[in-house]
Amino acid sequence: MEEKERKEKFCTDSGIEIKRVYSKINITDEQPGQFPFTRGVQETMYRSKLWTMRQYAGFSTAEESNKRYHYLLNNGTTGLSVAFDLPTQIGYDSDHDFADGEVGKAGVAIDSLKDIEILFDGIKLENITTSMTINSTASILLAMYIALAKKQGADLKKISGTIQNDLLKEYAARGTYIYPPKASMRIITDIFEYCSKEVPKWNTISISGYHIREAGSTAVQELAFTLANGKAYLKAAIEKGLDINVFAKRLSFFFNAHNNLFEEVAKFRAARRMWATITKDLGATDPRAQMLRFHTQTGGSTLTAQQPHNNIPRVTIQALSAVLGGTQSLHTNGYDEAIALPTEEAARIALRTQQIIAYESGAVDTVDPLAGSYFVETLTNEVEAAAWEYIHKIDAMGGSVAAIEQGYMQNEIAASAYKYQNEIQSGEKIIVGVNKFTVEEKPLQDVFSIDDSIRQLQIDKINKVKAERDNDKVKAILKTLESNALGSVNLMPTILEAAENYATLGEIADVMRGVFGEYTG
């Protein structure tokens, strides 16, 4: 007699129905490192080189964050990932009224090149890759980074890293925008053009699905909206006259990894195949311009304040999905991040999770270990088909900018978030330790917090910088920046000159605010 199943219908988090068993399907004999890169962007993948193990870190002052960076590097981190506080992200110096209560809280406070010099003190920029989660002020932070590299005597052709620089997802899901979409696209393509000549190893944009997912999207929506945004950036760069075979090589992606192991693996595999098609259709002929390279971060929204140690196995499953899916870079969240910034212990456990997967699990010993699985191959096809449906709808609206302006992406994400929360509240979706298997528990004792006195330390630094710099020269450079912003000159050289002369982040951002205005949604 057949046993009754636990549910009438089993589905992924995107609502794709999961069959009881999967039978043989037609599987193309694709090879890793070859178009359309479903099985990975390198022929040997982790058999030659492991993914870059990053830990997203930044808090308080540049001095304090610098200590954490040295701690992480000493514990085996192979790339730095910088978190910036909210005022830095939206272009306000620490002494601005809007910065009150936020300085150093969500990341490190950066007001001028002086802070960048302190942040990377004792760290040679030629020897590491640095990822910076920054969008509206990406041009300014990149300019400060380049200015420091020049002061260190680094060969700018060798420094490598990534700026997120993805404003379209800010309008759709995250909200740390400053300028209207068209002005933002102009700044982004200026960065593409400048870096292709001056810092050719720098990834000029990390097209981010991470925050789309954090806002409540499904895996399919994350994939579709991210690639649709990527397509918009490609078209904008082509319209500026840039060669897709050159600039597309420096585009990277940033995806979320959630708990549904097999759907996440399918999402990563489908993403490569879809991007290869998109770039080829837009004229890319160089295989390296057709490859989707991506960083992954485990899901912040999946972390629970209840029974926080449950987050350790959650993060492990999520990290494993990224590795099985072929990520190039990975950040694992600390188990305590639903409550506060991670402690050193939590950050170390998160890093050790990656290292155990890399050196003990065997998951890295063969390329695309889940290839040929009836289930995973079918699910990859189904995720891809569902994502294409969304992209075709967005194309019909006129592309991502139009879809965002019409509120389409925002509404789809909101509807998914609402549905997911209802499923948790009804008990249809089980979250261990939240709506099932709960216990009486004491609050976590060792919690990391930031003191509000940090703001005054930053204000003192700003005042010292302004007292020591050549203020007449700074004023003249900012006037040139204003003139260039009113015209069509590439803004990056002037932003770099301003940064090198210790203009503050807020001063530079304010010049562009004055020209471009602010976006209010």
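Basis of the calculations
Residues numbered from 1 in each chain as written. Predicted model: local features only at pLDDT ≥ 70, side-chain atom pairs only at ≥ 80, totals over all residues. Heavy atoms only, no water. Core = buried A, V, L, I, M, F, W, Y, C linked by side-chain atoms within 4.5 Å. Buried < 20%, exposed > 50% of the residue type's maximum accessible area, 1.4 Å probe, protein only. Helix = DSSP H or I, 4+ residues; strand = E, 2+ residues; numbered from the N terminus. Contact = heavy atoms within 4.5 Å. Expected span 1.5 Å × (residues − 1). Patch = residues over 30% accessible without salt bridge, like charges linked within 9 Å, V, L, I, M, F, W, Y side chains within 5 Å. Areas by Shrake-Rupley, 256 points an atom, 1.4 Å probe, with all protein chains shown as cover. Salt bridge = Lys/Arg side-chain N within 4 Å of Asp/Glu carboxyl O.

### Let's talk about the nonpolar core
Next up, step 1: Judged by nonpolar contacts, the single largest core of 73 residues is most densely connected at W51, F192, L223, F225, L227 and M409.
Next up, step 2: Here this core takes eleven residues from helix 8 (residues 219-239), the largest share from any one element.
Next up, step 3: Those residues within four positions of W51 in sequence are excluded, and the remaining contacts are Y46, T78, V323, T327, Q328, S329, L330, Q354, I357, A358 and V364.
Next up, step 4: Of all hydrophobic cores here, the second largest spans 61 residues; its members include A62, F84, L156 and A498.

### Digging into helix 1 (residues 62-74)
Residues separated by three or four positions in an α-helix point in the same direction, a consequence of the helix having 3.6 residues per turn.
Next up, step 1: The terminal C-alpha atoms of helix 1 lie 18 Å apart, and with 13 residues this matches the ideal 18 Å at 1.5 Å per residue to within 8%.
Next up, step 2: Taken as a whole, helix 1 has its buried residues at A62, S65, N66, R68, Y69, Y71 and L72.
Next up, step 3: At the C-terminal side of helix 1, G76 shows a positive phi close to 110 degrees.

### Some words on the environment of A402
Next up, step 1: Here A402 lies in helix 15 (residues 400-405).
Next up, step 2: Spatially, the C-alpha atoms of A402 and P181 are 10.0 Å apart, while their sequence positions differ by 221 residues.

### Some remarks on unusual backbone geometry
Next up, step 1: With omega at 5 degrees, the peptide bond leading from F35 into P36 counts as cis.
Next up, step 2: Note that P36 resides in the segment before strand 1 (52-57).
Next up, step 3: Despite not being glycine, M45 shows a phi value in the positive range, around 45 degrees.
Next up, step 4: Relative to the helices and strands, M45 resides in the segment before strand 1.
Next up, step 5: Non-glycine residue Q307 carries a positive phi angle of around 45 degrees.

### Considerations on the environment of M397
Next up, step 1: Residue placement: M397 occurs in helix 14 (residues 374-397).
Next up, step 2: The exposure class assigned to M397 is partly exposed, which follows from its relative accessible area of 26%.
Next up, step 3: Separated by 35 residues in the primary sequence, M397 and V432 place their C-alpha atoms 40 Å from one another.
Next up, step 4: Look past the residues within four positions of M397 in its chain and what remains in contact with it is A402, A403, Q406 and Y408.

### Re the environment of I238
Next up, step 1: Examined against the element boundaries, I238 turns out to sit in helix 8.
Next up, step 2: What makes I238 partly exposed here is its relative accessible area of 33%.
Next up, step 3: Apart from residues lying up to four places away in sequence, I238 is in contact with I244, F247 and L282.

### Section: a nonpolar patch on the surface
Next up, step 1: Taken together, the side chains of I430, V432 and F437 define a hydrophobic patch exposed on the protein surface, amounting to about 280 Å² of accessible area.
Next up, step 2: Looking at the element boundaries, V432 is found in the loop between helix 16 (408-426) and helix 17 (454-468).

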